[in-house]
Amino acid sequence: STTIAAKKGVRAHLIGSDMAKPCQITIGGDSYIKFRVRELSQKIAEDDKRVVELEQICEKVANSSSQIEKSVGELAQKQDQLVVNRRKIELALAQSEEKKDEDRAAKARALMASLDTAMTGQDEKLDALLNKQENLLSKLTPLNAELNAIREERAICENEIEALNQAAESDATNSEIRVDD
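So, on to the nonpolar core. In globular proteins that are soluble, nonpolar side chains generally tend to be buried together. Counting 13 residues, the largest nonpolar core has Leu54, Cys58 and Leu147 as its most contacted members. Taken together, the elements giving at least two residues each to this core come down to helix 1 (31-98) and helix 2 (102-170). Here this core takes seven residues from helix 1, the largest share from any one element. Ignoring sequence-local partners within four residues, the contact set of Leu147 consists of Val51, Leu54, Glu55 and Cys58.

Turning to helix 1, a few remarks are in order. What sets the pattern is the α-helix's 3.6 residues per turn: residues three or four places apart point alike. Here helix 1 spans 99 Å end to end across 68 residues, near enough to the 100 Å set by a 1.5 Å rise per residue. Trailing helix 1 by a residue or two, Lys100 shows a phi angle of about 60°, which is positive.

As a further point, take the packing of helix 1 against helix 2. Helices that pack against each other are described as a pair by the angle of their axes relative to one another and the distance between those axes. Interhelical geometry of helix 1 versus helix 2 gives an angle of 165° and a closest axis separation of 6 Å. Of the possible angle classes, the one that applies to helix 1 and helix 2 is roughly antiparallel. As for the relative orientation of helix 1 and helix 2, their crossing is left-handed in sense. Considered class by class, the residues forming the contact of helix 1 with helix 2 number 36 nonpolar, 11 polar and 23 charged.

With that out of the way, let us pick up the confidence of the model for the protein chain. Averaged over all residues, the pLDDT of the protein chain equals 87, while 91% of them reach at least 70. In the model of the protein chain, strand 1 (residues 2-6) stands out as the element of lowest mean pLDDT, 69, in contrast to helix 1, which has the highest, 93.

A positive phi angle is found at Lys100, which is not glycine, with a value near 60°. Counting through the fold element by element, Lys100 comes out in the loop between helix 1 and helix 2. Judged by its relative accessible area of 69%, Lys100 falls in the exposed class.

How each quantity is defined
- Residues numbered from 1 in each chain as written.
- Predicted model: local features only at pLDDT ≥ 70, side-chain atom pairs only at ≥ 80, totals over all residues.
- Heavy atoms only, no water.
- Core = buried A, V, L, I, M, F, W, Y, C linked by side-chain atoms within 4.5 Å.
- Buried < 20%, exposed > 50% of the residue type's maximum accessible area, 1.4 Å probe, protein only.
- Helix = DSSP H or I, 4+ residues; strand = E, 2+ residues; numbered from the N terminus.
- Contact = heavy atoms within 4.5 Å.
- Expected span 1.5 Å × (residues − 1).
- Axes fitted to C-alpha atoms, helices over the stretch in contact; angles between N-to-C directions.
- Parallel < 35°, antiparallel > 145°, perpendicular 65-115°, else oblique.
- Left-handed = near helix turned anticlockwise from the far one by under 90°.
- Nonpolar A, V, L, I, M, F, W, Y, C, P; charged D, E, K, R; others polar.
- pLDDT = per-residue confidence, 0-100.

Structure representation (structure tokens):
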């Protein structure tokens, strides 16, 4: 088949014949504008899908970060309790040493050593959680940058579609097909 596209119209002596394949004639519209609008609309649809994907990823990262924050808070409370317990034991140790009660002082030192070990373990857990959270949050920066870039590109595409549609409307003419005998 044959396709003819003419913005202002077609003038011919003969269009098609009984023996020829069908001929498609488009007049009055700029075929490039239609093509470009379709292309830009497809780009917008693809971008919208990517935005949904990125927003879901960002939400998962934010949820993970919130869970880590909760764990950090719980861990901080445990650390505070260990510090409070250590102070009580330090006080008991000082009193035992003052009274020269070596048995009690030895028990207090052993408890302090145990608490120090526990506090070191808590510090290590806290550092691991904070590093994990920092790693998660560092992933958000490029994701947000990509989201912003897609949104800007989408706005550019929408503006171009609007400009193309306005150009098509302002360029509208009285198109016709004229076949001379």
